[in-house]
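Chain residues, written in single-letter form:
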Amino acid sequence: MNLEQQLIEHLNTLAPTHLEVINESAGHGGYFPGKESHFKVIVVSDEFQGLRLVQRHQKIYAVAAELMSPGRIHALAIHAYVPSEWQGQAPASPECAHAPKS
């Protein structure tokens with residue numbers, strides 16, 4: 001199972017009503033085909049009810065902890081919402097300063 005699939009599996013433990021896992025590795029320096037190191041996650045879940053933003057992030061890091069080791073996930077952009085906050089779109093990721101130039 002690839003890293004993206006493992007991340008989805010771990011995040012599904014939060015019972016999301018909406019989940020997106022986007023592999024953004026290709027937009028970062030040192031990329032080669034098949035590399036999985038940078039991800040953006042959008043998680044909408046009732047599990048975040050009453051939690052501050054930092055607590056939501058901590059909850060996501062807790063379920064993804066074993067995937068956040070060296071040589072695995074290097075960067076994780078987190079967008080965590082309760083259903084009433086979700087507007088159907090998360091902010092775009094910024095360009096990486098070390099991205100491959102075309």
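Residues numbered from 1 in each chain as written. Predicted model: local features only at pLDDT ≥ 70, side-chain atom pairs only at ≥ 80, totals over all residues. Heavy atoms only, no water.

Under an unreviewed UniProt entry, the name given to the chain is BolA family transcriptional regulator, and the source organism is Acinetobacter higginsii. Per UniProt, the chain has the following entry under Sequence similarities (unreviewed entry): "Belongs to the BolA/IbaG family." (UniProt positions renumbered as here; feature names shortened; annotations may be inferred.)

1. Focus on the overall build of the chain
Secondary structure summary: the chain contains 2 helices and 3 strands in total. Beginning at the N terminus, the succession of helices and strands in the chain can be written as α-β-β-α-β. Expressed as a percentage of its 102 residues, the buried residues of the chain come to 34%. Taking as baseline every contact in the chain between residues at least 6 positions apart, the subset at least 24 positions apart corresponds to 65%. When the accessible area of the chain is evaluated, it comes to approximately 6100 Å², of which 53% is carbon and sulfur surface. (Helix = DSSP H or I, 4+ residues; strand = E, 2+ residues; numbered from the N terminus. Buried < 20%, exposed > 50% of the residue type's maximum accessible area, 1.4 Å probe, protein only. Contact = heavy atoms within 4.5 Å. Areas by Shrake-Rupley, 256 points an atom, 1.4 Å probe, with all protein chains shown as cover.)

2. What to know about the sheet that holds strand S1 (residues 18–23)
Taken in spatial order, the 3 strands line up as S1-S2-S3 in an open sheet, and their pairing is mixed. Two strands close off the open sheet at either side, each with one partner strand: S1 and strand S3 (75–81). Pairs of neighbouring strands in the sheet enclose a mean axial angle of 10°, with direction left out of account. Sheet topology note: the S1/strand S2 (residues 38–44) ladder contains 6 bridges and is antiparallel. The partner of Asn-23 across the bridge, within S2, is Phe-39. Of the strands in this sheet, S1, S2 and S3 touch helix H1 (residues 3–11), which is tilted by about 155° from S1. Helix H2 (residues 53–64) rests against S2 and S3 of the sheet, and its axis sits at about 125° to S3. (Pairing = 2+ DSSP bridges. Axes fitted to C-alpha atoms, helices over the stretch in contact; angles between N-to-C directions.)

3. Observations concerning the packing of aromatic side chains
Across all of its chains, the model carries 1 aromatic pair by this definition. Plain terms: the ring middles of Tyr-81 and Trp-86 are 5.2 Å apart, the flat faces sit at 50° to each other, and that makes the pair tilted. (Phe/Tyr/Trp six-rings, centres within 6.5 Å; stacked < 30°, edge-to-face > 60°.)

4. So, the environment of Asn-12
By secondary structure assignment, the location of Asn-12 is in the loop between H1 and S1. Linking Asn-12 and Ser-45, residues 33 residues apart in sequence, is a C-alpha distance of 9.8 Å.

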